[in-house]
Amino acid sequence: MCGIAGCLGVNDISTVNRMLDAMPHRGPDDRDIHTFNNIVFGHTRLSIVDVKKGRQPILANDGQAGIICNGEIYNFMKIRKRLGDKYHFMTDSDTEVILHLYQEKGPDCVKELDGMFAFALFSHDSFMLARDPVGIKPLYYGYVRGNLYFASELGAMSLAGVDEVHEFPAGTYYTPENGFVQYYQVPEIQDHLLTDVDEVCEKIRENFVVAVKKRLLADKEIHIGSFCSGGLDSSLVAAVAAEEIPNLHTFVVGMKDKFGVESDDLKASRIAAKHIGSTHHELIYTEDDYYEALPTVINKLETYDPSLVRCAVPCYFTCKLAADYVTVVLTGEGADELFNGYHYMKHFPVEEQNKEGRRGIGTLHNINLQRADRMGMYFSLELRVPFLDVAMIGLAMKIPPVLKIRHYEEDGSKIEKWILRKAFQDTGYLPDDILWRYKVQYTQGAGCESLGERLAESEISEGEYERIKAENPKAKINSREAAYYFKIFRKYHPQDSVLGSIGIWTGFDFAEERECVSGTMDGSFKHAR
């Protein structure tokens, strides 16, 4: 995991250095810059693969070709073996493999990469920018007097002085010869192809185990852990990882209410961690801790969207906890989109549920995935997302919605992510209390769902909300909570140039999604099974 910044068309070393200055958290282990003609590439490095020799930019052809990359390529050894002795490798890094694969196949090289990445490379007078299929790793760009600038974060882009910052599209590459080329899109829905429950369960297990285990890639001295909130998604990830890593480090955060009752995730995660035999870590934070962290979260998250900010605060605390023990951590992001896990999806007609899930996958690049990237990288922590493996996404698009949200006619109940739960039933990975736990929103499980909203209601009047909204027509401010967060956001990001690239969450449209739910472990909120 790293930070990249650069410019194409002008030898502007000073600006690229300022952009790197804005991202030391993305790469605390190393920093370097390289120029070639009117190209400047800068890189800050968090060392995970080839710790000793993998410094970037990585160059070839006596400095006439080079690459900078943020991310991990999980199949790089397979590609390197196939390239054989045709190229002289200077490192054991996954990033160098991309450069030589480009020299072999040109821009189409990106189609062979299995991983998460945002990279820039040049070879003689040509160059290429690319972002991974679903946009796990961030990339932004903009122009100054016709010259192209790019970076991993909005804050760095602001320093380039571009008129407008654009988010680089997910699943896309760019070359000056061909412009923007989309090489990947979420597969079309073909949910008539897999209807047999046993077959679907087997395919889910096979693909998911592979997806998790490939994401354990790292040098031996790099420690890997897993979030484990006690919910289905992160607990499954942790359980599979624990097969490969003895005493896997797992992490959860939560709060206590005024009566000293712990939030549900704390209780659930202990059960999951005990079952998988992990070395479990907890952080219990207070309301004061929440409010103290809020400005930092909004600054580093680079958005003012309420849904993202609410979820980013417990994510911030979890990353803060995990960074004391590991460099890489696995998370359960994406499972709700793949397996129709949100409660609001239950209100959709059956034939629309998979469409909504597919739409959600296509929006993750600048909402949930931005949260995971920014909160992790603030603590120099790399977050990896097994559910968003392209094979898992392709499989999910073939599973009928009636298997994802199971409707029981006798009592009218609907169980979200039913087929994912069923796939791991009686496998020993998780106890039934976790496997069939009622889904709660991340903020509810952590006990902080309404804190930011409550604070905003006390700090922002209706009149001030309307004024902020009117004065900032380029921003999407739809509530007093959004207005409060926007005021904080503007202290750190005053440029209008970034507003168009900020994603706004459009899910959670139903009150049910934000309903105050507790008692999923020791109360009445239970899924019948």
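Before reading further, recall that the structure is shown in the block above.
Keep in mind the model is a prediction, meaning the values are calculated, not measured.

**Student:** Explain the environment of Tyr 184 residue by residue, including any values.
**Tutor:** Residue position: Tyr 184 is located in the loop between strand S12 (179-182) and helix H5 (197-214). Expressed as a C-alpha distance, the spacing of Tyr 184 and Thr 172, which sit 12 residues apart in the sequence, is 6.9 Å. With residues up to four places along the chain from it excluded, the contact list for Tyr 184 reads Pro 133, Val 134, Gly 171, Val 390 and Ile 393.

**Student:** Tell me about helix H2 (residues 76-83), and name the residues and values.
**Tutor:** Residues Phe 76, Ile 79 and Leu 83 constitute the buried set of H2. For H2, the arc enclosing every buried residue in end-on projection is 65°, short of the 170-degree limit, so these residues lie on one face. More than 90 degrees from the buried face of H2, the exposed residues found are Met 77, Lys 78 and Lys 81. Just beyond H2, the residue with positive phi is Gly 84, at close to 60°.

**Student:** Account for the packing of helix H9 (residues 306-322) against helix H20 (residues 480-492), naming residues and giving values.
**Tutor:** Contact geometry of H9 with H20 gives a least axis separation of 9 Å together with a crossing angle of 70°. Overall, the two elements H9 and H20 adopt an arrangement that is roughly perpendicular. Residues Pro 306, Val 309 and Arg 310 of H9 touch H20, and the partners they reach there are Glu 481, Ala 482 and Tyr 485. Residue classes in the contact of H9 with H20 are distributed as 4 nonpolar, no polar and 2 charged.

**Student:** Go over the pairing of strand S9 (residues 147-151) with me, naming the residues and quoting the values.
**Tutor:** Buried residues dominate S9, accounting for 5 of its 5 residues. Side-chain alternation along S9 places Asn 147, Tyr 149 and Ala 151 on one buried face and Leu 148 and Phe 150 on a second face that is also buried. Relative to S9, strand S1 (residues 2-8) is paired through 4 bridges, and the arrangement is antiparallel. Opposite Cys 7, over in S9, you have Tyr 149 as the bridge partner. Where strand S8 (residues 140-144) lies against S9, 5 bridges are found, and the strand directions are antiparallel. Bridge pairing in S9 links Tyr 140 to Ala 151. Joining the antiparallel neighbours S8 and S9 is a turn of 2 residues, in which Arg 145 adopts a positive phi near 50°.

**Student:** Mind laying out the sheet that holds strand S14 (residues 249-254), listing which residues take part and the relevant values?
**Tutor:** Note on sheets: strands pair through backbone hydrogen bonds, and any given pair is parallel or antiparallel. In spatial order, the strands read S15-S14-S13-S16-S17; together these 5 strands make up an open sheet with parallel pairing. A single partner strand is all that each edge strand has here, and the edge strands are strand S15 (279-284) and strand S17 (382-384). Strand-to-strand twist of the sheet, defined as the mean angle between neighbouring strand axes without regard to direction, takes the value 30°. Summarising the sheet, strand S16 (residues 328-330) and S17 pair through 3 bridges and their orientation is parallel. Across the sheet, residue Val 329 finds its bridge partner in S17, namely Leu 383. With respect to the sheet, helix H6 (residues 232-244) is in contact with strand S13 (224-227), S14 and S16, its orientation differing from that of S13 by roughly 155°.

**Student:** Just give me the short version of the nonpolar core, but keep the residues and values in it.
**Tutor:** Judged by nonpolar contacts, the single largest core of 89 residues is most densely connected at Phe 119 and Ile 204. Counting residues per element, this core draws most heavily on H6, at 8 residues. Ignoring any residue separated from it by four or fewer positions in sequence, one finds Ile 204 in contact with Phe 339, Met 392, Leu 395, Ile 399, Ile 419, Leu 420, Ala 423 and Phe 424. Residues Ala 160, Tyr 285, Ala 293 and Tyr 304 belong to the second largest nonpolar core, which totals 73 residues.

**Student:** Describe the side chain of Arg 310, and please don't skip the residues or the numbers.
**Tutor:** Within the element layout of this structure, Arg 310 appears in helix H9. Its relative accessible area of 7% is what places Arg 310 among the buried residues. A polar contact is formed between the side chain of Arg 310 and the side chain of Glu 481, at a distance of 2.8 Å.

**Student:** Explain the pairing of strand S5 (residues 65-73) to me, and be specific about the residues and the numbers.
**Tutor:** For S5, a buried count of 9 out of 9 residues is recorded, marking the element as mostly surrounded by other parts of the structure. Where strand S4 (residues 58-60) lies against S5, 3 bridges are found, and the strand directions are antiparallel. Pairing of Ile 58 across the sheet is with Ile 67, part of S5. Taking the residues between adjacent antiparallel strands as the criterion, S4 and S5 are bridged by 4 residues, where Asn 61 takes a positive phi near 55°.

**Student:** Help me get a handle on the pattern of salt bridges, residues and values and all.
**Tutor:** Summed over the entire model, instances satisfying the criterion amount to 42 salt bridges. Arg 31 is paired through a salt bridge with Asp 21; the nearest N and O atoms lie 2.7 Å apart. One end of the pair, Arg 31, is in strand S2 (residues 30-36); the other, Asp 21, is in helix H1 (residues 13-21), and 10 residues separate them in sequence. When the shortest N-O distance is used, the salt bridge between Lys 213 and Glu 244 registers 2.9 Å. Here the residue Lys 213 occupies a position in helix H5, and Glu 244 occupies one in helix H6, the gap between them amounting to 31 residues. Overall, Glu 244 belongs to the partly exposed group, its relative accessible area being 44%.

**Student:** Any details on the side chain of Asp 12? Residues and values, ideally.
**Tutor:** Position of Asp 12 relative to the elements: it lies in the loop between S1 and H1. Among buried Asp, Glu, Lys and Arg side chains, Asp 12 stands out as unpaired, with Arg 18 the closest opposite charge at 5.7 Å. Excluding residues that lie within four positions of it along the chain, Asp 12 makes contacts with Cys 7, Val 40 and Tyr 149.

Basis of the calculations
Residues numbered from 1 in each chain as written. Predicted model: local features only at pLDDT ≥ 70, side-chain atom pairs only at ≥ 80, totals over all residues. Heavy atoms only, no water. Helix = DSSP H or I, 4+ residues; strand = E, 2+ residues; numbered from the N terminus. Contact = heavy atoms within 4.5 Å. Buried < 20%, exposed > 50% of the residue type's maximum accessible area, 1.4 Å probe, protein only. Arc of directions from axis to C-beta. Axes fitted to C-alpha atoms, helices over the stretch in contact; angles between N-to-C directions. Parallel < 35°, antiparallel > 145°, perpendicular 65-115°, else oblique. Nonpolar A, V, L, I, M, F, W, Y, C, P; charged D, E, K, R; others polar. Pairing = 2+ DSSP bridges. Core = buried A, V, L, I, M, F, W, Y, C linked by side-chain atoms within 4.5 Å. Polar contact = N/O pair within 3.5 Å; in protein donor to acceptor, adjacent residues only side chain to side chain. Salt bridge = Lys/Arg side-chain N within 4 Å of Asp/Glu carboxyl O. Lys, Arg positive; Asp, Glu negative; His and termini not counted.

Interpretation note: all reported values are geometric properties and have no functional meaning in isolation.
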